[in-house]
Amino acid sequence: LITVQWFMCLFVNTLRPEVTLRIWDIFFNEGSKVLFRIAAALFKLHEKQLVAVKDAADLFYALRSIGKDVVDADKLISAAY
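Along each chain, numbering runs from 1 in the same order as the chain's sequence is written. A pLDDT threshold of at least 70 governs which residues receive local features in this predicted model, and a stricter bar of 80 or more applies before side-chain atom pairs are shown or counted, although totals over entire chains, interfaces and linings include all residues. The basis for the side-chain values is all heavy atoms of the structure; hydrogens and waters are excluded.

Some remarks on the packing of helix α2 (residues 17-30) against helix α3 (residues 33-45)
Moving on, step 1. With axes taken as lines fitted to C-alpha atoms, and helix axes fitted only over the stretch in contact, angles between N-to-C directions fall between 0 and 180 degrees. What counts as a helix is a DSSP run of H or I of at least four residues, what counts as a strand is a run of E of at least two, and both are numbered from the N terminus. Two elements in contact, α2 and α3, have axes separated by 8 Å at closest approach and are oriented at 140 degrees. Considering the angle they form, α2 stands oblique to α3. In this structure, α2 uses I23, I26, F27 and E30 to contact α3, whose residues at the interface are K33, V34, L35 and I38.
Moving on, step 2. Among the residues making up the contact of α2 with α3, the classes are represented as six nonpolar, no polar and two charged. Orientation categories follow fixed angle ranges, with anything under 35 degrees roughly parallel, anything over 145 roughly antiparallel, 65 to 115 roughly perpendicular, and all other angles oblique. Contact criterion: two residues are considered in contact whenever any of their non-hydrogen atoms come within 4.5 Å of each other. For this scheme, ten residues count as nonpolar: Ala, Val, Leu, Ile, Met, Phe, Trp, Tyr, Cys and Pro. Four count as charged, namely Asp, Glu, Lys and Arg, and the remainder, Gly too, count as polar.

Below, the structure written as structure tokens:
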């Protein structure tokens, strides 16, 4: 449910506006594969937090708030590539 929102809204409700615009630039240049790369990068950058989750409710909350702390678009993009 969470990742569907990421893809349907192109991360607009997940990431900060300045980070989202950088992702959109790459999306319009390279296509939809970028969305999957960014999703994988978000999982990679928050791996410790996600692995430490104990139950489904905490996982749901962690996934909903996973992009709110991403302030450096370059770091996210480099993790994606």
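Alright, that's what it looks like, and here's the rest.
Observations regarding the packing of α2 against helix α6 (residues 73-80)
When two helices pack together, their arrangement is given by the angle between the helix axes and the distance between those axes.
Moving on, step 1. The contact between α2 and α6 brings their axes to 9 Å, and the two run at 40 degrees. Classified by the angle between their axes, α2 and α6 sit oblique to one another. Between α2 and α6 lies a crossing of right-handed hand. Every residue of α6 that contacts α2 at V19, R22, I23 and I26 is listed here: A73, D74, L76 and I77.
Moving on, step 2. Residue composition of the contact of α2 with α6, by class: six nonpolar, no polar and two charged. Less than a right angle of anticlockwise turn of the near helix away from the far helix marks a crossing as left-handed, whereas a clockwise turn marks it as right-handed.

Examining the environment of N13
Moving on, step 1. Locating N13 in the fold gives a position in the loop between α1 (2-8) and α2.
Moving on, step 2. When the C-alpha positions of N13 and F27 are compared, they lie 16 Å apart, and in sequence the two are 14 residues distant.
Moving on, step 3. Residues contacting N13, with those up to four places away along its chain left out, are Q5 and K68.

As for the nonpolar core
Here is a general trend for soluble globular proteins: nonpolar side chains tend to be buried in one another's company.
Moving on, step 1. By size, the foremost hydrophobic cluster in this structure holds 22 residues, and its most contacted members are F11, L15, V19, I23, I38, L42 and L76.
Moving on, step 2. Elements supplying a minimum of two residues to this core: α2, α3, α5 (56-64) and α6.
Moving on, step 3. At six residues, the largest contribution of residues to this core is made by α3. Here, nonpolar core refers to any group of buried Ala, Val, Leu, Ile, Met, Phe, Trp, Tyr and Cys residues whose side-chain atoms link them within 4.5 Å. A 1.4 Å probe rolled over the protein chains alone gives each residue an accessible area, and that area as a share of the maximum for its type sets the label: buried under 20%, exposed over 50%, partly exposed in between.

Quick word on the layout of surface pockets
To locate leftover empty space, one rolls a probe as large as a water molecule over the atoms.
Moving on, step 1. Taken as a whole, the largest pocket encloses approximately 150 Å³ of empty space.
Moving on, step 2. Every residue along the wall of the largest pocket is listed here: L45, H46, D69, V70, V71, D72 and K75. Of the two site types, the cavity is a set of points on a 1 Å grid over the protein atoms alone where a 1.4 Å probe fits but cannot get out, and the pocket is an open set with protein on both sides within 12 Å along at least five of seven lines, each lined by residues with an atom within 4 Å of a point. Grid points are joined across faces, edges and corners, and a volume is the space filled by probe spheres set on the points.

Observations concerning α3
Moving on, step 1. What a helix should span is 1.5 Å times the count of its residues minus one. With 13 residues, α3 extends 18 Å between its outermost C-alpha atoms, agreeing within 8% with the 18 Å of an ideal straight helix rising 1.5 Å per residue.
Moving on, step 2. Those residues of α3 lying buried are V34, L35, I38, A39, A41 and L42. Seen from one end, α3 has its buried residues packed into an arc of 160 degrees, which puts them on one side. In this structure, α3 carries F36 and K44 as exposed residues pointing more than 90 degrees from its buried face. Arc definition: it is the arc formed by the directions from the helix axis to the C-beta atoms.

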